[in-house]
Amino acid sequence: MLSAQNISRPRPGGTAHVSPEGIIYCTDGKFRWVYEFDQRKRPTILLSLLWKCMAVGSALGLLFLLLHTDRLLHSLGVLLGLTAVGALAALVPFALHILRNGPTVCLLFTADESIVSCQQVKGKTNEKKVAHAIAAWVGGQSQPALRFHDALVCRFDSVRTLRPDPAHNLIRVNGLKVYARPEQLPLVLDYLKRQCPQAK
């Protein structure tokens, strides 16, 4: 059985090794894991769109309120109405996003002795496909047929806080959210603690 102590020692050889927990021990000296979540259950993109659209609606409503202070009650109604319209307007791009990319999001996490990074996989995919493609790629085969958004990177020497949140399969590493499945979380947390002894 794999322990938290050997997570930093990827298996040498011509192919990557995938642990029973789903950690991919790569021949490039790094280890990786894939985390998948359903946007309909954890709609972070929708919430971000909601805040932006509601902020625009509220700003327009406040402007109307300032220009019509003599009709305060009417202006307040306009303010609330524009805020509600902004909230509804966020649902359209979110629905289009779901149709285009599918309901699930896959995140690829990579760690070595100095950094941990997170990249979101573009397009429709699932955890098994991404893990298989990454394991084949780091095993010396051709580039994976995957596209990624820009990586979010956190250097271990800059880490001041490590906040595990097992209820949400999450470790907050400074401002970076590191997700892992329940069986992976203890391994990843132990590794991060050993790499960031200065963190609280």
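Residues numbered from 1 in each chain as written. Predicted model: local features only at pLDDT ≥ 70, side-chain atom pairs only at ≥ 80, totals over all residues. Heavy atoms only, no water.

Undergrad: When you look at unusual backbone geometry in this model, what are you seeing that I'm missing?
TA: Glycine aside, residues mostly have negative phi, and peptide bonds are mostly found in the trans state. You will see that Asn169, though not glycine, has its phi angle at about 55 degrees, which is positive. If you trace the backbone, Asn169 turns up in the loop between strand S7 (162–165) and strand S8 (170–173). Although it is not a glycine, Asn174 adopts a positive phi angle of roughly 55 degrees. Inspection of the secondary structure puts Asn174 in the loop between S8 and strand S9 (176–179). In this structure Asn174 comes out as partly exposed when scored by relative accessible area, which is 30%. (Helix = DSSP H or I, 4+ residues; strand = E, 2+ residues; numbered from the N terminus. Buried < 20%, exposed > 50% of the residue type's maximum accessible area, 1.4 Å probe, protein only.)

Undergrad: What exactly am I supposed to notice about the pattern of salt bridges here?
TA: For side chains bearing opposite charge, pairing can occur when the charged atoms are close. Applying the stated rule across the entire model yields 5 salt bridges. Note that Arg194 and Asp190 form a salt bridge whose closest N and O atoms lie 3.0 Å from each other. Pair noted here: Arg194 and Asp190 are both in helix H4 (residues 185–195), with a separation of 4 residues, about one helical turn. Under the relative-accessibility criterion, Asp190 is labelled partly exposed at 26%. One salt-bridge network, in which partners are shared between bridges, spans Glu127, Arg181 and Glu183. (Salt bridge = Lys/Arg side-chain N within 4 Å of Asp/Glu carboxyl O.)

Undergrad: What is the right way to look at the nonpolar core in this model?
TA: Generally speaking, soluble globular proteins have nonpolar side chains that are buried together. Among the nonpolar cores identified, the biggest contains 31 residues, and Trp33, Ile171 and Val178 are the most heavily contacted of them. Secondary-structure elements contributing two or more residues to this core are strand S3 (31–38), strand S4 (104–111), strand S5 (115–120), S8, S9 and H4. Examining the composition of this core, we find that 6 residues originate from one element, H4, more than from any other. Excluding anything up to four places from it in sequence, Ile171 contacts Leu162, Arg163, Pro164, Leu176, Lys177, Val178, Leu185, Val188, Leu189 and Leu192. Ile24, Val121, Val130 and Ala133 belong to the second largest nonpolar core, which has 12 residues in total. (Core = buried A, V, L, I, M, F, W, Y, C linked by side-chain atoms within 4.5 Å. Contact = heavy atoms within 4.5 Å.)

Undergrad: So what exactly am I meant to see when it comes to the environment of Arg181 here?
TA: Structurally, the position occupied by Arg181 is in the loop between S9 and H4. In this structure the C-alpha to C-alpha distance between Arg181 and Val34, which are 147 residues apart in sequence, comes to 8.9 Å. In this structure, Arg181 is in contact with Glu21, Gly22, Val34, Tyr35 and Glu127, ignoring residues within four places of it in sequence. Polar side-chain contacts of Arg181 include one of 2.7 Å to the side chain of Glu183. (Polar contact = N/O pair within 3.5 Å; in protein donor to acceptor, adjacent residues only side chain to side chain.)

Functional significance is not addressed by these values, which are geometric in nature.
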